[in-house]
Amino acid sequence: MEKAGTQISRKEFRIVKETCSVALITYNGEKYLARQLETLTAQTRLPDELVVCDDGSTDKTVEILENFAEKSPFPVRIYRNTENLGYSRNFHKVFFLCEKEITFFCDQDDVWLPEKIASAMKIFEEESDVGLVLMTDLRVDKDEKPLPFSNRFGRFQSALEAENGFQTLLRHSALGWAAHNMACRTCWREVAFPEIPTREQVFDLWLYHVLGAVCDVRVILEPSVWFRRHGENVTSQSRNVKNPLVLLRNSIRKHYSIERLWQKYRFERQLVELLRGMKEVRYPEVAEFYERLTTHLKKRVDVRTQWLSRFWLIPREYFNGNYGRFARGFRDALTDFIVWPQKLPK
C-alpha cells in the first residue's frame, strides 16, 4: 500500500484492500443507540472492528453495547472512561484506540445508510493520496422523518462536481465538518494530534482543518447518514430551552459576546502555530488561508475591545472582502459595529 500523502496521478488508480474501524462515542444514549448499531450491521461492507468509548453513562447504554458485542458480526471493543472527558477528548481517545487503516467516526443517535462505509472505502482504495473523505447527511427528527431544508450541502454541489477537493470547500466558506460525516486514514492521527486537544480544539473541526492542509480530501455528495435532531444532541442542547427570555439571552451571547469570537481566534492561532512547523503540509495555500483567517479574527476581536477601532477596521475588512470570505458578510460586519465594548475572557 502506498503511504498516505504519496502523489499519484488521478488516472492511476491502484485498488488496494483496506481495513476500517468505526470509532463510536457514547453517553447516556440508550434511547437511540440500538438503532445506530443496527445500521452498522446493515452496511453492505461491514467494518473490521467497532471501538467504543463510553463517557460515564448512567443509563442502559453500556448494557446495550455489551449485548450487541455478543452477537455482532464484527469485533467490538468497549472502553468505559473513569472520568467524563466530554465530546472532543472522548473522540480523541477512541481515535487513538482504533487499530485499522481507515477510521470512521460515529455518533450514538444517527442512522447510517447501507452504502456509507462502502462508498468511502472505494475512494480510499482507489486513491492512496486521499487522507480524508467527507460525507453528507439529511437531517431527520426523533422519528426519522425529514426536517425542512434537511439537505444543507446543496450550495456546494455544482462547485464540487467541477472540482472535488478541500480548496473548493474553503472558497465556499465551509469552515467545518461534523465528525459523523468524516472518515480518514488512521495514520494521520499523530500528525493532527501531537498532544491531547485543548479546550479550543474541537475534535472534528481540528481534524478537518489539519488534514485539509496535509492530504487530499474528497466529498461524497450523496447523503450517507440520517442526522437525528432530537433536542438532546450534544451540539444542539439549546433546543431544550423553552423560556423565550433564556432563548433571547443565549442568542445575544452567541452573536454579541466576545467569548465565542475569542475561542475561534484561539483555535485558528493554535492551528497556524502547528502547521508552521509541520513538514507534512502539502498545500501551503490552505495554510496561508488559515493565516489570513486568523488575522481577520484578531481584527474582529480588536473591534470588540477597542471601541474606536471599528470606524476604520470594519470598513477596511468589509471592502477587502474578508467579511464575505471568513464570516457571514454584512451581518457580522453590522454586528461588530453595533456591539458594546467588551473585555477579553480570562
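Everything that follows concerns the structure shown earlier in this document.
For clarity, every value in this text was computed on a predicted model and none was experimentally measured.

*Asks:* Account for the overall build of the chain, with residues named and values stated.
*Replies:* When helices and strands are counted, the chain shows 14 helices and 10 strands. Looking at the 346 residues of the chain, the share that counts as buried comes to 50%. Sequence separation of at least 24 residues holds for 79% of the intrachain contacts in the chain that already meet a minimum separation of 6. Carbon and sulfur atoms make up 54% of the accessible area of the chain, which totals about 17100 Å².

*Asks:* Describe the nonpolar core, with residues and values.
*Replies:* In this structure, Phe-105, Leu-134, Leu-169, Trp-177, Leu-207 and Tyr-290 are the most contacted members of the largest nonpolar core, which totals 55 residues. Once residues lying within four places of it in the same chain are set aside, the contact partners of Trp-177 are Leu-134, Met-135, Thr-136, Phe-153, Phe-156, Leu-169, Met-182, Asp-204, Leu-205, Tyr-208 and Val-219. By size, the runner-up hydrophobic cluster in this structure holds 28 residues, among which are Leu-24, Ile-123, Ile-220 and Val-225.

*Asks:* Tell me about the pairing of strand β10 (residues 225-228), and name the residues and values.
*Replies:* Relative to β10, strand β5 (residues 111-112) is paired through two bridges, and the arrangement is antiparallel. Bridge pairing in β10 places Val-111 opposite Trp-226. Two strands pair when backbone bridges link them, and strand β7 (residues 137-140) and β10 are joined in this way by four bridges, in the parallel orientation. By the bridge assignment for β10, Arg-139 is matched with Phe-227.

*Asks:* Residues and numbers for the packing of aromatic side chains, please.
*Replies:* To describe a pair of aromatic rings, one takes the distance between the centres and the angle between the planes. What the rule picks out here adds up to 21 aromatic pairs. Put simply, the rings of Tyr-87, Phe-91, Phe-95, Phe-96, Phe-105, Phe-193 and Phe-203 touch in pairs and so form one group of aromatic residues.

*Asks:* Let's hear about unusual backbone geometry: which residues, and what values?
*Replies:* Unlike most non-glycine residues, Glu-144 shows phi in positive territory, near 65 degrees. Its place among the elements puts Glu-144 in the loop between β7 and α5 (154-162). Despite not being glycine, Ser-173 shows a phi value in the positive range, around 60 degrees. Residue Ser-173 is classed as partly exposed on the basis of its relative accessible area of 28%.

*Asks:* Any details on the side chain of Gln-201? Residues and values, ideally.
*Replies:* Considering the arrangement of structural elements, one finds Gln-201 in the loop between α7 (189-192) and α8 (203-214). Sequence-distant contacts of Gln-201, that is, excluding residues within four places in its chain, are made with Ser-88, Ile-196, Trp-206, Phe-267 and Gln-270.

*Asks:* How would you summarise the sheet that holds strand β8 (residues 182-185) if you had to cite specific residues and measurements?
*Replies:* Strand order in this open sheet of seven strands is β3-β2-β1-β4-β8-β6-β9, and the pairing throughout is mixed. Two strands lie at the open edges of the sheet, namely β3 (76-80) and β9 (216-219), each paired on one side alone. Adjacent strand axes in the sheet meet at a mean angle of 20 degrees when their direction is disregarded. Of the strand pairs in this sheet, strand β4 (residues 102-106) and β8 are connected by three bridges, and their pairing is antiparallel. Counterpart to Phe-104 in the pairing with β8 is Ala-183. The sheet contacts of helix α1 (residues 33-41) involve β1 (20-26), β2 (49-54) and β4, and relative to β1 the element is tilted by about 175 degrees. The sheet strands contacting helix α2 (residues 61-71) are β1, β2 and β3, and the helix crosses β3 at an angle near 160 degrees.

*Asks:* Describe the packing of helix α10 (residues 258-276) against helix α11 (residues 284-305), listing the residues and the values that go with them.
*Replies:* Geometry of a packed helix pair, given as the angle between the helix axes and the separation of the axes. Interaxial distance between α10 and α11 falls to 9 Å at its minimum, and their mutual angle equals 150 degrees. Judged by the inter-axis angle, α10 sits roughly antiparallel to α11. Our pair here, α10 against α11, has a crossing hand that is left-handed. Residues Ile-258, Leu-261, Trp-262, Lys-264, Tyr-265, Glu-268, Arg-269, Leu-271, Val-272, Leu-275 and Arg-276 of α10 lie in contact with α11, whose contacting residues are Ala-287, Tyr-290, Glu-291, Leu-293, Thr-294, Leu-297, Lys-298, Arg-300, Val-301, Arg-304 and Thr-305. Broken down by class, the residue content of the contact of α10 with α11 amounts to 12 nonpolar, two polar and eight charged.

Reading the values: rules and limits
- Counting starts from 1 at the beginning of each chain's written sequence and moves along it residue by residue.
- Note on the predicted model: pLDDT of at least 70 is required for a residue's local features to be given, and 80 or more for side-chain atom pairs to be given and counted; whole-chain, interface and lining totals, by contrast, use all residues.
- The basis for every side-chain value is the complete set of heavy atoms in the structure, and neither hydrogens nor water enter the calculation.
- Runs of E in the DSSP output that reach at least two residues are strands. Runs of H or I that reach at least four are helices, and both are numbered from the N terminus.
- For every residue, the accessible area (1.4 Å probe, protein chains only) is compared with the maximum for its type, and the residue is labelled buried under 20%, exposed over 50%, or partly exposed between those bounds.
- Should any heavy atoms of two residues lie within 4.5 Å, those residues are counted as being in contact.
- Note on areas: Shrake-Rupley with a 1.4 Å probe; residue coverage comes only from the protein chains shown.
- Definition used in this section: a nonpolar core is a set of buried Ala, Val, Leu, Ile, Met, Phe, Trp, Tyr and Cys residues joined via side-chain atoms within 4.5 Å.
- The rule for pairing is simple: two strands pair if DSSP sees at least two bridges between them.
- Pairing of aromatic rings covers Phe, Tyr and Trp, the last counted by its six-membered ring, and requires centre-to-centre distances within 6.5 Å; plane angles under 30 degrees mean stacked, over 60 mean edge-to-face, and any other angle means tilted.
- Only C-alpha atoms enter the line fits that serve as axes; for helices the fit covers just the stretch in contact. Angles between N-to-C directions range over 0 to 180 degrees.
- An angle below 35 degrees is treated as roughly parallel, one above 145 as roughly antiparallel, one from 65 to 115 as roughly perpendicular, and anything else as oblique.
- By convention, the crossing between two helices is left-handed when the near helix turns anticlockwise from the far helix through less than a right angle, and right-handed when the turn is clockwise.
- Under the scheme applied here, ten amino acids are nonpolar (Ala, Val, Leu, Ile, Met, Phe, Trp, Tyr, Cys and Pro), four are charged (Asp, Glu, Lys and Arg), and all others, including Gly, are polar.

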